[in-house]
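Structure assessment
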Amino acid sequence: MPDQIFASLPRLNVPLNALRAFEAAARLLSIKEAASELNVTPSAVSHQLKALEEALGVDLMRRVGSRLELTPAGARLAPPLTEGFARIGAAVADVTEERRKGPLRLTMLPTFAVHWLSPRLAQYPFEKAGFELLISTSQEVVDLSAGAADVAVRHGAGKWHGLRADRLFPETVTLLAAPSQLRGREPREVVAASNLFLSQYRPRNWADWNASLPGGPVSPGAVTMVDSTSLALRAAADGAGLTLAGWEIAEADVKAGRLAPVFDHRIEAGGAYWLVYPEGLATDRRVRNLRSWLLGQLEAPGR
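Let me begin by describing the structure that accompanies this report. Since we're looking at a predicted model, the values are computed, not measured.

Moving on, we come to the packing of helix α3 (residues 31–38) against helix α4 (residues 42–56). The geometry of α3 relative to α4 is characterised by a closest axis approach of 8 Å and an angle of 105° between their N-to-C directions. The orientation of α3 with respect to α4, classified from their angle, is roughly perpendicular. Two secondary-structure elements touch here, α3 through Ile31, Lys32, Ala34 and Ala35 and α4 through Pro42, Val45, Ser46 and Leu49. Of the residues in the contact of α3 with α4, the class split is six nonpolar, one polar and one charged.

Of all the positions in α3, only Ile31, Ala34 and Ala35 are classed as buried. Along the axis of α3, the buried positions cluster into a sector of 100°, meaning they face one direction only. Opposite the buried face of α3, at more than 90 degrees from it, the exposed residues are Lys32 and Ser36. In this structure, the buried residues of α3 make contact with α2 (16–28), α4, β1 (61–64) and β2 (67–70). A distance of 3.4 Å separates the backbone nitrogen of lysine 32 from a side-chain oxygen at the start of α3, and that oxygen is part of serine 30. Once α3 finishes, asparagine 39 follows within two positions and takes phi at roughly 60°, a positive value.

The subject of this paragraph is unusual backbone geometry. Its identity is not glycine, yet leucine 29 carries a phi of approximately 50°, on the positive side. Summarising the element assignment, leucine 29 is placed in the loop between α2 and α3. By relative accessible area, leucine 29 is classed as partly exposed at 42%. The residue asparagine 39 is not glycine, and still its phi comes out positive at about 60°.

Another aspect to go through is the pairing of strand β3 (residues 104–108). In terms of burial, β3 is a largely internal element, four of the five residues being buried. Bridge count for β3 against strand β4 (residues 133–137) is five bridges, and the pairing is parallel. In the sheet register, methionine 108 faces β4, and the bridge partner there is threonine 137. Each parallel crossover has a hand, and for β3 linked through helix α6 (residues 110–117) to β4 it is right-handed. Across three bridges, β3 lies against strand β5 (residues 151–156) in parallel orientation.

This brings us to the packing of aromatic side chains. Summed over all chains, the structure comprises ten aromatic pairs. Grouping aromatic residues by their ring pairs yields a cluster made of Phe112, Trp116, Phe169 and Tyr273. In this structure, arginine 20 packs its charged tip against the face of phenylalanine 85, placed 4.9 Å from the ring centre. Here arginine 120 stacks its cationic end above the ring of tryptophan 116, 4.1 Å away from the centre of that ring.

When charged atoms on two side chains of opposite charge get close, those side chains can pair. One pass over the full model with this rule turns up 14 salt bridges. A salt bridge links arginine 258 to aspartate 253; the shortest N-O distance between them is 2.8 Å. According to the relative accessible area criterion, arginine 258 is partly exposed, its value standing at 41%. Salt bridges sharing partners connect three or more residues here, namely Arg20, Glu23, Arg27 and Glu37.

Looking now at α6. Extensive coverage of α6 is indicated by the burial of six of its eight residues. Every buried residue belonging to α6 is among Thr111, Phe112, Ala113, His115, Trp116 and Leu117, and all of these are buried.

Moving on to the packing of α6 against helix α10 (residues 229–237). Relative placement of two packed helices is described by the angle separating their axes and the distance separating the axes. Direction vectors running N to C along α6 and α10 enclose 45°, while the axes themselves pass 8 Å from each other. For the element pair α6 / α10, the angle class is oblique. Across from Thr111, Val114 and His115 in α6, the residues of α10 making contact are Thr229, Ser230 and Leu233. Across the contact of α6 with α10, the residue classes tally to two nonpolar, four polar and no charged.

A few words on the side chain of threonine 174. Here threonine 174 lies in strand β6 (residues 163–177). The buried category is assigned to threonine 174, whose relative accessible area is 1%. A polar side-chain atom of threonine 174 sits 2.8 Å from the main-chain carbonyl oxygen of histidine 265. Contact partners of threonine 174, with chain neighbours within four places excluded, come to Trp209, Thr243, Leu244, Ala245, Trp247, Phe263, His265 and Arg266.

Reading guide: rules and limits
- Residues numbered from 1 in each chain as written.
- Predicted model: local features only at pLDDT ≥ 70, side-chain atom pairs only at ≥ 80, totals over all residues.
- Heavy atoms only, no water.
- Axes fitted to C-alpha atoms, helices over the stretch in contact; angles between N-to-C directions.
- Helix = DSSP H or I, 4+ residues; strand = E, 2+ residues; numbered from the N terminus.
- Parallel < 35°, antiparallel > 145°, perpendicular 65-115°, else oblique.
- Contact = heavy atoms within 4.5 Å.
- Nonpolar A, V, L, I, M, F, W, Y, C, P; charged D, E, K, R; others polar.
- Buried < 20%, exposed > 50% of the residue type's maximum accessible area, 1.4 Å probe, protein only.
- Arc of directions from axis to C-beta.
- Polar contact = N/O pair within 3.5 Å; in protein donor to acceptor, adjacent residues only side chain to side chain.
- Pairing = 2+ DSSP bridges.
- Right-handed = clockwise from strand over helix to strand, strands pointing away.
- Phe/Tyr/Trp six-rings, centres within 6.5 Å; stacked < 30°, edge-to-face > 60°.
- Lys NZ or Arg CZ within 6 Å of the ring centre and 35° of its normal.
- Salt bridge = Lys/Arg side-chain N within 4 Å of Asp/Glu carboxyl O.

Set out below in structure tokens:
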């Protein structure tokens, strides 16, 4: 059925931008005012009008003294264009408004959700208007521009095409283990006798951390690659071995006594965590509320 609908639509053989420029100029009877409305230069509007007239083979507007007026062809074309663009605008506004209603759909990596967000959710004001959340987790990058979610917490360099990114915190990495594995033992002996659970995304971080370790690098008894930092952190907390992980993500586990640093040695991981959302949601109250709460958690004493 959708294919049949699209097949029945007349083919548009003129540029849409030219039609938009003509519609504005015809409605306002002013090149300058049309340019201001469309946020372009008057010369750009004039160029689009000329291109449209050439494509149609008719004159649409003419200047009479200091005034612009529509030709008979322009007078026939302008009203349906105005109606059409108004309907398009209304449809877009409806979709945008629908997206602004209800809980804010927040997506993030499982590791961030479990080890950073979850320990702080007791302080989140779910009961307040404008703070409602629908939280999901995914190892994959969710397409925000397609409306799969409203906002995301992502890890990276902070550059995603068409999206605004607010940095939450940079990441540093260190070697962690259950405190019971470290008591009364020399750290290098612990590493030599332990299994290193290493996320598949961390080999470079491990090489850099180990190469810069004061006193020289260490060699784990074994290395097990896993597909998520969350699994590696859980294995280390359960006493199954060690893991290299982001200090900021593991900090709540350290404070709770589930993990402890093996060495007093941390390095920058080369990335950060960001709150990411489409430009169109920059003024959304729910996004502003979430952003303020996240930054407030980072600024809180002992966060």
